[in-house]
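Breakdown of the fold
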Amino acid sequence: MAVSTSPEAPIPVGEVSRLIGGWIDRLGAVWVEGQITQLSRRPGAGVVFLTLRDPSHDISVSVTCYRQVFDRVAEVVGEGARVVVHAKPEWYAPRGQLSLRAAEIKPVGVGELLARLEQLKKSLAAEGLFAADRKKPLPFLPQLIGLVCGRASAAERDVLENARHRWPAVRFAVRNVPVQGVHAVPQVIGAVQELDALPEVDVIIVARGGGSVEDLLPFSDEQLIRAVGAAATPVVSAIGHEPDTPLLDLVADLRASTPTDAAKKVVPDVGEELARIGQLRERAWRAIDGFVQREERGLHAALHRPCIQRPRRMVEDREEQVTALLERGRRTLGHLLDRADSELSHTLARVVALSPKATLERGYAVLQKPDGSAVRGPGEVGADEELRARVAEGAFRVRVNGDPGAESAPA
């Protein structure tokens, strides 16, 4: 329950410690897993002191147990071992310290560790952390390589020597950290995050030599896996030997079987690249030379074609055809015009022969009334009616004398 206090009515330190102890005493016994970092077994002492640490976090707690409790597992448990402890939290009021009083200690076996790793692997895979589409491609020639490894380790030497042998100008940003034990996980995470934050680092290699399953456990830690999965810089995992497969291999953008293999996969070989460049130059030269030769042959063949040798030959041949067609057209058109002229002359002659004017020229006359209509019979005119007589050379007026109808009557 909350305690009512104020600046005017504080409570003593001893009372605070007593209250905390009371709250802790209400807690029951719990099973706790961790890694032993410190172990104190004083000769003749009835109590064993040890420190239990969470490998994934920078958190430790003191554990005490009676000697007979620890003696049951003393042969298989030591510093660095992972154990499961059944203990009850205790509060030491005089010093204000929290500790665990262990009633039972069980070592975590390899089989159990592997089972937990398999379960963690399935859980992370379900989240998509191991998906292939999350993998980032490595740069062809990294300018600066981040290396996370143990200090003065064989892994560091293998990566540096092989990389510089392949490409002497390569540069490294090395971060030496513990690669096993309780401090490995947080420091490896910190080194990866530090290198990932540097924009000039093109790729990060996390390297370690071989070891037992327990030694490689830090590289299967969930916090480290998530930190590598969140990195923006490509990460190469080079942990242990070929058979070793920590979970870091699955989340990394590239898995190398050994640190030496990591150097070979990250850094190109200058000799191989020079040889490849020479081969490409030779291929390019052959391709260009072949292209030029083909074009020369094509140009030679084109220049020796008759149309190129005598470019006017086709025009000359066509000129004769055009001339012949032109003459033929002229003859045809002349025949058509002559025929049309003859037909026109015959038509004109018939028209002239049938025209009233020709009739008038033979001595005939046309009588027209004042309104211009022609007189076709005697009955159309009256006595003394004035008419217009049209002849070939002109026209004149006439008058009807007497009754025209009487003259036309039959005798």
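Preceding block: the structure.
Below or above, wherever it landed, is the structure these notes cover.

Rules behind the numbers
Residues numbered from 1 in each chain as written. Predicted model: local features only at pLDDT ≥ 70, side-chain atom pairs only at ≥ 80, totals over all residues. Heavy atoms only, no water. Pairing = 2+ DSSP bridges. Helix = DSSP H or I, 4+ residues; strand = E, 2+ residues; numbered from the N terminus. Contact = heavy atoms within 4.5 Å. Axes fitted to C-alpha atoms, helices over the stretch in contact; angles between N-to-C directions. Phe/Tyr/Trp six-rings, centres within 6.5 Å; stacked < 30°, edge-to-face > 60°. Lys NZ or Arg CZ within 6 Å of the ring centre and 35° of its normal. Parallel < 35°, antiparallel > 145°, perpendicular 65-115°, else oblique. Nonpolar A, V, L, I, M, F, W, Y, C, P; charged D, E, K, R; others polar.

1. A few points about the sheet that holds strand β7 (residues 171-176)
- Pairing is parallel across the open sheet formed by five strands, whose spatial order is β7-β6-β8-β9-β10. The sheet is open, and its two edges are formed by β7 and β10 (254-255), each paired on a single side.
- Judged from the two bridges that link them, strand β9 (residues 235-239) and β10 form a sheet pairing that is parallel. Bridged to serine 237 within β10 is arginine 255.
- Across the sheet, helix α5 (residues 184-196) is in contact with β6 (144-149), β7 and β8 (203-208); its angle to β6 comes to roughly 175 degrees.
- Its contacts with the sheet place helix α8 (residues 259-266) against β6, β8, β9 and β10, and it is angled at close to 165 degrees to β8.

2. Details of the sheet that holds strand β12 (residues 386-391)
- Sheet architecture is open: three strands sit in the order β11-β12-β13, paired in antiparallel fashion. Each edge of the sheet is formed by a strand with only one pairing partner; in this case those strands are β11 (366-368) and β13 (394-399). Along the sheet, successive strands turn relative to each other by an average axial angle of 30 degrees, direction set aside.
- One ladder, built from six bridges, connects β12 with β13; its direction is antiparallel. Bridging across to β13, alanine 389 finds its partner in phenylalanine 396.

3. Regarding the packing of aromatic side chains
- Evaluated as defined, the whole model comprises zero aromatic pairs.
- Lying over the aromatic face of tyrosine 66, arginine 101 brings its terminal NZ or CZ to 5.1 Å of the ring centre.

4. Topic: the packing of α5 against helix α6 (residues 222-230)
- Close contact between α5 and α6 brings their axes to 10 Å; oriented N to C, the two are set at 5 degrees. When the interaxial angle is binned, α5 and α6 end up roughly parallel. Counting all contacts with α5, which are made through Val188, Ile189 and Gln193, the residues of α6 involved are Gln223, Leu224 and Ala227.
- For the contact of α5 with α6, a count of residues per class yields four nonpolar, two polar and no charged.

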